[in-house]
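Below, each chain spelled out in residue letters.
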Amino acid sequence: MWGCLKMSQASKHIEWCLNKAKKEVEECKKLGKRAKHRGLVKNNPDIEEAQKHLAKAEHNLSGITKFKEIGFSDWSMSAGFYCIYHCFLSIAARFGYESRNQTCTISLMRFLNETHTISLDEKYIRLLESEEIQGITDESVIDLRENYTYGAIITVNDDGKINDLKKSCQDLVEITKQIIYG
């Protein structure tokens, strides 16, 4: 796929994601069903779709604060997670990809970064992996979302967790705008 160049882990995973989606779409066609996939499809760049995902990211960004204000700070963590994810989906659409798989989306961001298609600090890519975000030493964004979504805790008592997540999201939304609009 990439010629004689040594394929990175991200590019190998992208190839797997593309093949997975292709097989799933073909299987749907054989069965006469609507084409669905849980991978990655390469299309033409779609600025309109990128803008829609960016709007969704901004919507989720505002949700971080609004959930806290109305006593639903546990949902602030999910809003932050999905803000980041929609930024990535926006970037994907900008470069002609449709992703329906979180690990494929993360690999795509890493691949676009490795190939210098985008310039994105690795810390933003790691936000959706089981890595720590700046200022949070014991939990990743994934851990926070899962703990507060699936656990029984209904209040985030540490404002620092919410503030750190919100700051990372604000920064990523601005970076995404630069990538989308040049």
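Residues numbered from 1 in each chain as written. Predicted model: local features only at pLDDT ≥ 70, side-chain atom pairs only at ≥ 80, totals over all residues. Heavy atoms only, no water.

Caption draft 1: Quick peek at the overall build of the protein chain. Within the protein chain, the secondary structure is distributed over 7 helices and 2 strands. Reading the protein chain from its N terminus to its C terminus gives the helix and strand order α-β-α-α-β-α-α-α-α. Taken against the 2.2 N^0.38 rule, which gives 16 Å for 182 residues, the C-alpha radius of gyration of the protein chain at 17 Å falls within 12% of a compact globule. By the burial criterion, 43% of the 182 residues in the protein chain qualify as buried. A separation threshold of at least 6 residues defines the contact pool for the protein chain, and within that pool the share at least 24 residues apart is 62%. A total accessible area of about 10100 Å² is found for the protein chain, and carbon and sulfur atoms account for 49% of it. For the protein chain, the centre of its 26 positive side-chain charges and the centre of its 26 negative side-chain charges are spaced 8 Å apart. (Helix = DSSP H or I, 4+ residues; strand = E, 2+ residues; numbered from the N terminus. Rg over C-alpha atoms; globule rule 2.2 N^0.38 Å. Buried < 20%, exposed > 50% of the residue type's maximum accessible area, 1.4 Å probe, protein only. Contact = heavy atoms within 4.5 Å. Areas by Shrake-Rupley, 256 points an atom, 1.4 Å probe, with all protein chains shown as cover. Lys, Arg positive; Asp, Glu negative; His and termini not counted. Charge placed at Lys NZ, Arg CZ, Asp CG, Glu CD.)

Caption draft 2: Layout of the packing of aromatic side chains. In the structure shown here, the tally under the stated rule is 2 aromatic pairs. Geometrically, the ring pair formed by Phe-81 and Tyr-82 is edge-to-face, given 4.8 Å between the ring centres and 85° between the ring planes. Given the relative accessible area of 1%, Phe-81 is considered buried. Overall, Tyr-82 belongs to the partly exposed group, its relative accessible area being 31%. With centroids separated by 6.4 Å and ring planes inclined at 10°, the aromatic side chains of Phe-81 and Tyr-85 adopt a geometry described as stacked. In this pair, Phe-81 and Tyr-85 are both assigned in helix H3 (residues 73-94), 4 residues apart and thus about one turn of the helix distant. Taken together, the ring pairs in this structure connect Phe-81, Tyr-82 and Tyr-85 into an aromatic cluster. Between Arg-145 and the ring centre of Phe-81, over which it is positioned, the NZ or CZ distance is 4.2 Å. (Phe/Tyr/Trp six-rings, centres within 6.5 Å; stacked < 30°, edge-to-face > 60°. Lys NZ or Arg CZ within 6 Å of the ring centre and 35° of its normal.)

Caption draft 3: View of the state of the cysteines. Within this structure, the stated rule accounts for 1 disulfide. The residue that forms a disulfide with Cys-17 is Cys-104, at a sulfur-sulfur distance of 2.0 Å. Here the disulfide of Cys-17 and Cys-104 is left-handed, its torsion about the S-S bond being about -90°. Placement of the pair is Cys-17 in helix H1 (residues 9-30) and Cys-104 in helix H4 (residues 102-114), with a sequence separation of 87 residues. Each member of the pair Cys-17 and Cys-104 is classed as buried. Cys-104 supplies the cysteine sulfur nearest to Cys-28, a cysteine that is in no disulfide, at a spacing of 16 Å. (Disulfide = S-S within 2.5 Å.)

Caption draft 4: Layout of the layout of surface pockets. Its boundaries defined by the atoms lining it, the largest pocket holds a volume of some 260 Å³. Contributing to the lining of the largest pocket are 15 residues, with Glu-49, His-53, Tyr-97, Glu-98 and Ser-99 lying nearest its centre. Only helix H2 (47-69), H3 and strand S2 (97-99) provide two or more residues apiece to the lining of the largest pocket. In terms of residue count, the dominant contributor to the lining of the largest pocket is H3 (5 residues). Within the lining of the largest pocket, the residues separate by chemical class into 5 nonpolar, 6 polar and 4 charged. (1 Å grid on protein atoms, 1.4 Å probe; cavity = no way out; pocket = protein on both sides within 12 Å on 5 of 7 lines; lining within 4 Å. Points joined across faces, edges and corners; volume = space filled by probe spheres on them. Nonpolar A, V, L, I, M, F, W, Y, C, P; charged D, E, K, R; others polar.)

Caption draft 5: Summary view of the environment of Gln-170. Mapped onto the fold, Gln-170 is located in helix H7 (residues 159-181). Accessibility expressed as a relative area gives 33% for Gln-170, which makes it partly exposed. Residues Gln-170 and Gly-182, spaced 12 residues apart in sequence, show a C-alpha to C-alpha distance of 18 Å.

Caption draft 6: The nonpolar core, seen in detail. Counting residues in each nonpolar core, the largest one holds 45 residues, and the members touching the most others are Ile-84, Leu-108, Met-109 and Leu-112. Counting only elements with at least two residues in this core, the list comes to H1, H2, H3, H4, helix H5 (122-126), helix H6 (141-150) and H7. When residues in this core are grouped by element, the largest group, 11 residues, is from H3. The contacts of Leu-112, once residues within four sequence positions are left out, are Ile-91, Phe-95, Thr-117 and Ile-118. (Core = buried A, V, L, I, M, F, W, Y, C linked by side-chain atoms within 4.5 Å.)

Caption draft 7: Up close: a nonpolar patch on the surface. A cluster of nonpolar side chains, contributed by Ile-70, Phe-72 and Trp-75, occupies part of the molecular surface with about 330 Å² of accessible area. Turning to its location among the elements, Trp-75 is positioned in helix H3. Since its relative accessible area comes to 40%, Trp-75 is described here as partly exposed. (Patch = residues over 30% accessible without salt bridge, like charges linked within 9 Å, V, L, I, M, F, W, Y side chains within 5 Å. Salt bridge = Lys/Arg side-chain N within 4 Å of Asp/Glu carboxyl O.)

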